[in-house]
Amino acid sequence: MGRFDGRVAVITGAARGIGFGTAKRFAEEGAKVAIVDLDETAASEAAASIGEHAIGVGCDVSNAESVDAAIARVVAELGGIHILVNNAGITRDNLLFKMTELDWDLVMGVHLKGAFLMTKAAQKHFVEQKYGKVVNTSSISALGNRGQANYSAAKMGIQGFTRTLGIELGPFGINVNAIAPGFIATEMTDATAARLKMDVDEFRRLNADANPVKRVGYPEDIAAAVTFLASDEASYITGQTLYVDGGSSLG
Ligand code: NAP
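Residues numbered from 1 in each chain as written. Predicted model: local features only at pLDDT ≥ 70, side-chain atom pairs only at ≥ 80, totals over all residues. Heavy atoms only, no water.

Enquirer: In this structure, what is going on with the site of the ligand? I would like to understand it.
Expert: Surveying the vicinity of the ligand reveals 27 residues, the closest of which are R16, D37, N87, Y151 and T186. R16 places a polar side-chain atom, nitrogen or oxygen, 2.8 Å from an oxygen atom of the ligand. L38 is positioned with one of its backbone polar atoms (N or O) 3.5 Å from a nitrogen atom of the ligand. In the complex, 90% of the free accessible area of the ligand, which totals 900 Å², lies under the protein chains. Put simply, the parts of the chain that give the shell around the ligand at least two residues each are α1 (17–28), α4 (101–129), α5 (149–169) and α6 (187–195). Tallied by class, residues from the shell around the ligand come to 12 nonpolar, 11 polar and 4 charged. (Near = heavy atom within 4 Å. Polar contact = N/O pair within 3.5 Å; in protein donor to acceptor, adjacent residues only side chain to side chain. Areas by Shrake-Rupley, 256 points an atom, 1.4 Å probe, with all protein chains shown as cover. Helix = DSSP H or I, 4+ residues; strand = E, 2+ residues; numbered from the N terminus. Nonpolar A, V, L, I, M, F, W, Y, C, P; charged D, E, K, R; others polar.)

Enquirer: For this particular structure, what's the right way to read the nonpolar core?
Expert: Generally speaking, nonpolar side chains in soluble globular proteins are found buried as a group. Counting residues in hydrophobic clusters, the biggest one holds 35 residues, and the most contacted among them are V10, V74, L84, M118 and F126. Broken down by secondary-structure element, the contributors of at least two residues to this core are β1 (8–12), β2 (32–37), β3 (54–58), α3 (64–78), α4, α5 and β6 (174–181). Per-element tally for this core: the top contributor is α4, with 9 residues. Not counting residues up to four positions away in its chain, the partners in contact with L84 are V10, M118, T119, A122, F126, K133, V134 and V135. (Core = buried A, V, L, I, M, F, W, Y, C linked by side-chain atoms within 4.5 Å. Buried < 20%, exposed > 50% of the residue type's maximum accessible area, 1.4 Å probe, protein only. Contact = heavy atoms within 4.5 Å.)

Quick look at the structure:
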């Protein structure tokens, strides 16, 4: 008996990284899983590696038509939707004076507008069935990070979005929470190492040294927190952001 037997979980940006680790964990605990990602082929391959109860859905979360089609397909193919994890993300890092309008718009589009569109499309189903779980993805960068004015603003925006939906949707049996990961070893942080012209292992070691638990995080660390917040054990928790960062945010 799994915690998510009979549930359908949609995870965006789940073809790899944190999203994939989270999708795998939901499937291991009994959920039917929709892996939503920009590239339909990558999403389908990731789903195939998880097993027969997972499907891959190509979707750009920053595009309303694409989002509505993706949610409709999930409901038609998996029989409903109970859990939404807004995980898709990009970075376009630069110091403010070099940051372009496009860098700003792209980051806002995927993180903030993407979470808005996906949650709006899912909540119709959640409200009708008086049941739903939303887990949004903030970041320790919400607290401020040099070179990430766009990303930091979007990730703190996610926390305000989460608190507001906690208030609005709570009466309909819907919990809305967020996780704020610290340094997690994925292609996103490997790309940051490349941008800084650093060796990936050296970059990970430096980030491990910088937090109290002296290791980097892995997608499994985030999956554990997300599945807890999406479980019925967490039904008295809403509007919260849980930092999963090895204590980095403690100062
Ligand atoms: P990742 O490895 O770069 O994976 C992100 C996934 O999102 C990719 O598969 C990407 O697809 C997809 N994606 C990008 N834009 C999309 C769009 N418009 N529609 C649908 N999918 C889209 O990143 P990650 O490290 O796993 O990060 C996952 C989430 O955690 C992000 O929200 C990130 O900001 C957050 N986070 C990460 C860390 C960290 O240390 N890794 C820390 C804090 C927060 P493409 O490959 O096709 O672009």
